[in-house]
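Report on the structure
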Amino acid sequence: MYFFILLSLALGYLVETKSPLLRYLLSDTALYVGLACITGAVISSLFKRLSAKVWYDWFACGTLLVWLPYWYPNFREGSPVFFYFPLYFALISALFSLVFIKPRQQIDEQTLAFLQWLSDSGRFNPAVIVVFVCVGLYLPQHFLLYPVAMTLLVMRYALARCLLE
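Only a predicted model underlies this, so the values are computations on that prediction, with no experimental measurement involved.

A few words on the packing of helix H6 (residues 109-120) against helix H8 (residues 145-164). Contact geometry of H6 with H8 gives a least axis separation of 10 Å together with a crossing angle of 130°. Between H6 and H8, the crossing angle belongs to the class labelled oblique. Two packed elements cross with a definite hand, and for H6 against H8 that hand is left-handed. Touching Leu-112, Leu-115, Gln-116 and Ser-119 of H6 are Arg-156, Leu-159, Cys-162 and Leu-163, all from H8. Here the residues of the contact of H6 with H8 sort into five nonpolar, two polar and one charged.

To continue, consider the packing of aromatic side chains. Inspection of every chain in the model, using the stated rule, returns 18 aromatic pairs. Ring plane angle 20° and centroid distance 6.1 Å describe the contact between Trp-67 and Tyr-146, whose orientation is recorded as stacked. A residue pair is termed long-range when its members are at least 10 positions apart, and Trp-67 in helix H4 (residues 52-71) and Tyr-146 in helix H8 qualify at 79 residues. Residue classification places Trp-67 among the buried positions, given a relative accessible area of 0%. Tyr-146 gets classed as buried once you look at its relative accessible area, which sits at 0%. Residues Phe-83 and Tyr-84 carry aromatic rings whose centres are separated by 5.1 Å and whose planes lie at 65° to one another, so their mutual orientation is edge-to-face. Among the aromatic residues, ring-to-ring pairing joins Phe-4, Trp-67, Trp-71, Tyr-72, Phe-75, Phe-82, Phe-85, Tyr-88, Phe-89 and Tyr-146 into one connected group.

How each quantity is defined
- Residues numbered from 1 in each chain as written.
- Predicted model: local features only at pLDDT ≥ 70, side-chain atom pairs only at ≥ 80, totals over all residues.
- Heavy atoms only, no water.
- Axes fitted to C-alpha atoms, helices over the stretch in contact; angles between N-to-C directions.
- Helix = DSSP H or I, 4+ residues; strand = E, 2+ residues; numbered from the N terminus.
- Parallel < 35°, antiparallel > 145°, perpendicular 65-115°, else oblique.
- Left-handed = near helix turned anticlockwise from the far one by under 90°.
- Contact = heavy atoms within 4.5 Å.
- Nonpolar A, V, L, I, M, F, W, Y, C, P; charged D, E, K, R; others polar.
- Phe/Tyr/Trp six-rings, centres within 6.5 Å; stacked < 30°, edge-to-face > 60°.
- Buried < 20%, exposed > 50% of the residue type's maximum accessible area, 1.4 Å probe, protein only.

In structure tokens form, the structure reads like this:
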């Protein structure tokens, strides 16, 4: 989820510095681009057109592009939510990538079997997590729901990458 990490860091920087470029990310165009990314990622995952690595990244970037313009009017100007959430997303994605995906070759067979069981058991069903993320986006009054859902999405991404490689 390299693009997601970069987009999160860029978004946090643009919000913190109150950059003039921020108005483009707050426009309806960014919202529609985000919705297109979400829709494209979900459709491609259903038809197995893209690898998990790509569709998770598209979906996460799309939700971030929808999140900012949809939530921004509901919070006061300069709210720390728009600076800290993207930094949290970048940190958690980078941490899971470094801790779980990079050392994948060092995982023993018993642990891989457990991870496969965890994936197959339905506890981390990607469809449920995708719906959870979309519901979290839709409910800005429950402002912690979206970051929790994104954390689950990043965990599911790490699980999928560990099992696919």
